[in-house]
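Here are the chains, one letter per residue:
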Amino acid sequence: MKTEGDGSAPRLAAARALLQVLDQGKALDSALDQAVAALATARDRALARRLSHAVLRDWPALDGLLGKLIKRRPARRDRLVWFVLAVGLAELRQQREPAPAVVHAAVAAVAAAGLGRLKGLANAVLRNYQRQRSTLEAGQDDDPVLAWGYPRWLIERIRQDWPAQWEQILAAGNQPPPLTLRVNRRHWCRDEALAALLAAGHQAAPLDGLPDALVLSQRAAVSALPGFADGGLSVQDGAAQLAVEHLDLVAGQRVLDACAAPGGKAAHILERADVELTAVDVDARRLDQVADNFRRLQLGGRLVVGNAADPAAWWDGQPFDRILVDAPCSATGVIRRHPDIRWLRQPGDIAALVALQASLLDALWPLLVPGGILVYATCSVLAVENHEQGRSFLERHEDADVIDHDQLPGLACQPGRQIVPGALDLDGFYHLAMRKLQPD
Ligand SMILES: C[S@@+](CC[C@H](N)C(=O)[O-])C[C@H]1O[C@@H](n2cnc3c(N)ncnc32)[C@H](O)[C@@H]1O
């Protein structure tokens, strides 16, 4: 990929973002937004993004190699050099660019960071890596942490939950995700959207079992896609588009989206049926994004800032026909889109998330009309957040009856359906649809 000047700017931006993620626990998207702001071209911004993703997917191996190649760890104030070199090593390992160009750009990035006195070190480290690569990398494949690029605890949990699919799940998390679109049925039908995309020179195709989804085979500037600006298209993974299929919507229903921001599924609900939607989220800033999305898509719903686990504060007492609980979760199903999740999430976070999910489900179930449907969804692959959570809910609520939805994509996992990453080129998602039984 050709870059402006000596190629140092995107590498330095990637390194700055990585330092914030890996040393300071910041989310990659916001760290990158800040780090790439000064880059001159979209191409440089895309390169910084791609390189930071590459490093996060291979961090244990890269960090370990640097530990072998650098005898004395740099002082704290020089810490950035570690990440510039991690970017350089990732590029050398990927072999997409000629090695001399990679070394040159990394050394220039060290200088651009104001660490000119470490240029010699940077040059030596990358050249030594090239010379000693096979010795340095010997045995890496024997350690799953180095081979897969995930923390040990997460590999163990995924292996335990998915003994037959764990390698497929880890491998899928290391692949770049497709760009998937949702067609707004109020605007046009999927065939019309597909024809407009093809006419504009994009390669697009429908996704099986997902009536509103189109997948692009090449990256594209989303805002320039035909129909995007006036609400004909949105970006949304196919797995996230399944929630609406599980909800089985009918015009006139009262629908609650209890964890609604940034509004992808809320908008899909409104695009699909003339329902009366209440969208709740505890985070006011994130709820603003729902408002922005509704504006672009020309949709309307009632937006409420509130704690869904405490409906007394915002519920008007009228029961809902449909409730979507797209719960806060580990996000272990969307690691291919957010490679930072594997490093930011800690094993201790999971129990707190499971408790929060259970409290949301228990608090919202009474708001459902008898005969109504509640859909519980997560973008997790962990059993404890998904079918185990579903099982405990069913033990606590005898008036809940599982709807199997065998016709929808996913693996039946009693109760609910799991989209297992790697099986269908979808994000990892879990859905459980439950109908409330009429009282005796
Ligand atoms: C997985 S995201 C929802 C994504 C959204 N449904 C969509 O499709 O765009 C989970 C959301 O739950 C919200 N949340 C977390 N705890 C909550 C609570 N107690 N009550 C309401 N919302 C909550 C978070 O702010 C976050 O926006």
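Below is a summary of the structure that appears in this document.

How each quantity is defined
Throughout this description, residue numbers start from 1 for each chain and increase along the sequence as written. In view of the model being predicted, local features appear only for residues whose pLDDT reaches at least 70, and side-chain atom pairs are presented and counted only at 80 or more, with totals across whole chains, interfaces and linings using the full set of residues. Think of the side-chain values as coming from all heavy atoms in the structure, minus any hydrogens and water. To be near a molecule or strand, a residue needs just one of its heavy atoms within 4 Å of it. Polar contact is defined as a pair of N or O atoms within 3.5 Å, subject to the rule that within protein one atom must be able to donate a hydrogen and the other to accept it, and that residues adjacent in sequence are counted only when both atoms are side-chain atoms. Residue burial considers only the protein chains on display, and all accessible areas are found by Shrake-Rupley using a 1.4 Å probe. Note on aromatic pairs: the rings of Phe, Tyr and Trp (six-membered ring only in Trp) are paired at centre separations within 6.5 Å, and the planes decide the class, stacked below 30 degrees, edge-to-face beyond 60, tilted for the rest. What counts as a helix is a DSSP run of H or I of at least four residues, what counts as a strand is a run of E of at least two, and both are numbered from the N terminus. Summary of the burial criterion: residues with accessible area below 20% of their type's maximum are buried, those above 50% are exposed, and those between are partly exposed, where the area comes from a 1.4 Å probe applied to protein chains only. Cation placement over rings: the criterion is NZ of Lys or CZ of Arg within 6 Å of the ring centroid and within 35° of the ring normal. Strand pairing requires that DSSP identify at least two bridges connecting the strands. To define axes, lines are fitted to C-alpha atoms, for helices over the stretch in contact only, and angles between the resulting N-to-C directions are given on a 0 to 180 degree scale. We call two residues in contact whenever any of their non-hydrogen atoms come within 4.5 Å of each other. Each angle gets one of four labels, with under 35 degrees taken as roughly parallel, over 145 as roughly antiparallel, 65 to 115 as roughly perpendicular, and the rest as oblique. Read the arc as the range of directions from the helix axis to the C-beta atoms.

## Describing the site of the ligand
At step 1: Taken together, 19 residues lie near the ligand, and Asp-281, Arg-286, Asn-307, Ala-308 and Asp-326 sit nearest.
At step 2: Taking Lys-265, its side chain carries an N or O atom lying 2.9 Å from an oxygen atom of the ligand.
At step 3: Contact between the ligand and Asp-326: a nitrogen atom at 2.7 Å from a side-chain N or O atom of the residue.
At step 4: When isolated, the ligand has an accessible area of 600 Å², and the protein chains bury 85% of it.

## Overview of the packing of aromatic side chains
In this description, an aromatic ring pair is defined by two values, namely the gap between the centres and the angle between the planes.
At step 1: Applying the stated criterion across every chain, the model contains four aromatic pairs.
At step 2: Between the aromatic rings of Trp-59 and Phe-83, the centroid separation amounts to 5.5 Å while the plane-to-plane angle is 10 degrees, which identifies the pairing as stacked. Of this pair, Trp-59 sits in helix H4 (residues 59-69) while Phe-83 sits in helix H5 (residues 80-94), and the two are 24 residues apart along the sequence.
At step 3: For Phe-83, a relative accessible area of 0% gives the class buried.
At step 4: Pairing Trp-365 with Phe-393 gives two aromatic rings, centres 5.3 Å apart and planes at 80 degrees, and the pair type is edge-to-face. You can see Trp-365 sitting in the loop between helix H16 (347-364) and strand E9 (368-378) and its partner Phe-393 sitting in helix H17 (residues 387-396), a full 28 residues away along the chain. Phe-393 carries the same exposure label as Trp-365, and that label is buried.
At step 5: Sitting over the ring of Trp-166, Arg-159 keeps its end group 4.4 Å from the ring centre.
At step 6: Sitting over the face of the ring of Tyr-150, Arg-342 holds its NZ or CZ atom 4.2 Å from the ring centroid.

## Observations regarding the sheet that holds strand E3 (residues 210-216)
At step 1: Taken in spatial order, the four strands line up as E2-E3-E1-E4 in an open sheet, and their pairing is antiparallel. Two strands in the sheet have a free side with no partner beyond their single neighbour: strand E2 (204-207) and strand E4 (233-235). Put simply, the sheet's adjacent strands are angled 35 degrees from each other on average, direction ignored.
At step 2: Across the sheet, helix H11 (residues 190-199) lies against strand E1 (179-183), E2, E3 and E4, angled at about 10 degrees from E3, the strand it touches most.

## Describing the environment of Asp-257
At step 1: On the secondary structure map, Asp-257 appears in strand E5 (residues 254-257).
At step 2: Asp-257 sits in the buried class, given a relative accessible area of 1%.
At step 3: Separated by 156 residues in sequence, Asp-257 and Cys-413 have C-alpha atoms that sit 24 Å apart.
At step 4: Sequence-distant contacts of Asp-257, defined by excluding residues within four places in its chain, comprise Lys-265, Ala-266, Leu-277, Thr-278, Ala-279, Val-280 and Leu-324.
At step 5: Among the polar contacts made by the side chain of Asp-257, one reaches the main-chain amide nitrogen of Ala-266 at a distance of 3.4 Å.

## Here we look at the packing of helix H3 (residues 42-57) against H5
At step 1: Running from N to C, H3 and H5 point in directions that differ by 85 degrees, and their axes come no closer than 9 Å. With respect to each other, H3 and H5 are oriented roughly perpendicular. Residues Arg-50, Leu-51, Ala-54 and Val-55 of H3 touch H5, and the partners they reach there are Ala-86, Val-87, Ala-90, Glu-91 and Gln-94.

## Observations concerning H17
Each α-helix turn comprises 3.6 residues. Residues three or four places apart therefore point the same way.
At step 1: For H17, the full list of buried residues reads His-387, Gln-389, Gly-390 and Phe-393. Take H17 and look down its axis: the buried residues cluster within an arc of 150 degrees, on one side only.
At step 2: Where the residues of H17 are buried, they touch H16, E9, strand E10 (400-403) and strand E13 (429-436).

## Quick word on the environment of Gly-301
At step 1: Relative to the helices and strands, Gly-301 resides in the loop between helix H14 (284-297) and strand E7 (302-305).
At step 2: Under the relative-accessibility criterion, Gly-301 is labelled partly exposed at 35%.
At step 3: In this structure, the C-alpha to C-alpha distance between Gly-301 and Ala-105, residues 196 residues apart in sequence, is 50 Å.
At step 4: Those residues in contact with Gly-301 that sit more than four places away from it in its chain are Leu-277 and Phe-294.

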